[in-house]
Amino acid sequence: MRMWVNGELRDAADARVSVLDHGLTVGDGIFETVRTTGGRPFALTRHLDRLTRSARGLGLPDPDLDEVRRACAAVVEANPVELGRLRITYTGGLSPLGSDRGNDGPGLFVALGEAARRPDTTAVITVPWTRNERGALAGLKTTSYAENVVALARAHERGASEAIFANTVGQLCEGTGSNVFVVLDGQLHTPPVSSGCLAGITRALAAEWCGAVESDLPLDVLEYAEEIFLTSTLRDVQAVHRVDGRELPGGPGPVTAKAMRVFEERAGNDLDP
């Protein structure tokens, strides 16, 4: 594997970052995960737009998107895989051992790993911890991911692939790395960004292409929704067949199945929607 590290491609064994990088010491960084298929990235422009929004939200300089695109192209070319996870990481760079940033400028790292197609359905759990919809990092895709690591580990312990959070007022929010959609009386709903969820790229496309309504929903909607599905870069649209102890009807329901089909068709026809 060859990776982009601050301006150049390096072999994996030589792709090193300083122990003083602020992304490592205090989680001062942002990232994007982009799906690649046959060496072609999907929705890269949308991902780079969100990278810039996250940088501004964290107070980092705007990334040089031309450089990011060059880095992505170089890494994809150097690591041919059929289905890949392209990871773009942008950090506060070399800094003191504390919350203050240094003056050396940000760091940019790009890597690509091989991915596998996800199953059509999955199990999820809810967790007792909450997303803070009023926090400084709400809606930003930052490298401060430790609470997701903890929640996802609990999900795996319970035979699930994802953990679902409420926000501080008990509303349905998001998963550790996914957005949530539910079907109520045949209508597709997803929490608004004001709930504290990430403005997912796949979420936005699925909502636009499938006619979802943004709605404030209680967490316990998962106990009675007719259908539930997740969206994310590598899941695309994935049906949920179990939430905690509740089993949903086997296989994707009709609304979910249509969403899966529509997303696959639309995404296949436009790689940069």
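So, here is what we can say about the structure in this document. (Residues numbered from 1 in each chain as written. Predicted model: local features only at pLDDT ≥ 70, side-chain atom pairs only at ≥ 80, totals over all residues. Heavy atoms only, no water.)

### Side note on the environment of S194
- Among the secondary structure elements, S194 is positioned in the loop between β11 (187-190) and α5 (201-210).
- C-alpha of S194 to C-alpha of C173: the two residues are 21 residues apart in sequence and 9.2 Å apart in space.
- Look past the residues within four positions of S194 in its chain and what remains in contact with it is E133 and D216. (Helix = DSSP H or I, 4+ residues; strand = E, 2+ residues; numbered from the N terminus. Contact = heavy atoms within 4.5 Å.)

### What about the packing of aromatic side chains?
- Summed over the entire model, instances satisfying the criterion amount to 4 aromatic pairs.
- A centroid spacing of 5.2 Å and a plane angle of 80 degrees characterise the contact between F31 and Y145, whose relative ring orientation is edge-to-face. Here F31 is found in strand β3 (residues 29-37), whereas its partner Y145 is found in the loop between β7 (121-131) and α4 (146-157), with 114 residues between them in sequence.
- Overall, the relative accessible area of 4% leaves F31 in the buried class.
- When its relative accessible area of 29% is taken as the criterion, Y145 is described as partly exposed.
- Plain terms: the ring middles of F42 and F263 are 6.2 Å apart, the flat faces sit at 70 degrees to each other, and that makes the pair edge-to-face. One end of the pair, F42, is in the loop between β4 (40-41) and α2 (44-58); the other, F263, is in helix α6 (residues 254-269), with 221 residues separating them in the sequence. (Phe/Tyr/Trp six-rings, centres within 6.5 Å; stacked < 30°, edge-to-face > 60°. Buried < 20%, exposed > 50% of the residue type's maximum accessible area, 1.4 Å probe, protein only.)

### Comments concerning α4
- In this model, α4 (12 residues) spans 17 Å end to end at C-alpha, consistent with the 16 Å of a helix rising 1.5 Å per residue.
- Looking at the buried positions of α4, the neighbouring elements they touch are β7 and β8 (162-167).
- Among the residues trailing α4, G159 stands out with phi positive, at a value near 75 degrees. (Expected span 1.5 Å × (residues − 1).)

### Examining a nonpolar patch on the surface
- Residues V19, L20, L24, L94 and L97 make up a contiguous nonpolar surface patch of about 520 Å² in total accessible area.
- With respect to the helices and strands, V19 occurs in the loop between β2 (8-11) and α1 (22-25). (Patch = residues over 30% accessible without salt bridge, like charges linked within 9 Å, V, L, I, M, F, W, Y side chains within 5 Å. Areas by Shrake-Rupley, 256 points an atom, 1.4 Å probe, with all protein chains shown as cover. Salt bridge = Lys/Arg side-chain N within 4 Å of Asp/Glu carboxyl O.)

### A few points about the sheet that holds β3
- Ordered by their spatial adjacency, 6 strands build an open sheet running β2-β1-β6-β5-β3-β4, and the pairing between neighbours is antiparallel. At either margin of the open sheet sits one strand with a lone partner, and together these are β2 and β4.
- Helix-sheet contacts for helix α3 (residues 65-78) involve β1 (2-5), β2, β3, β5 (83-91) and β6 (107-114), and the interaxial angle to β6 is about 30 degrees. (Pairing = 2+ DSSP bridges. Axes fitted to C-alpha atoms, helices over the stretch in contact; angles between N-to-C directions.)

### Examining the pattern of salt bridges
- Applying the stated criterion across every chain, the model contains 14 salt bridges.
- One salt bridge in this structure joins E8 and R10, with 3.1 Å as the shortest N-O distance.
- When its relative accessible area of 40% is taken as the criterion, E8 is described as partly exposed.
- Look at R10 and you get partly exposed, because its relative accessible area is 24%.
- The residue R118 makes a salt bridge to D120 at a minimum N-O spacing of 3.0 Å.

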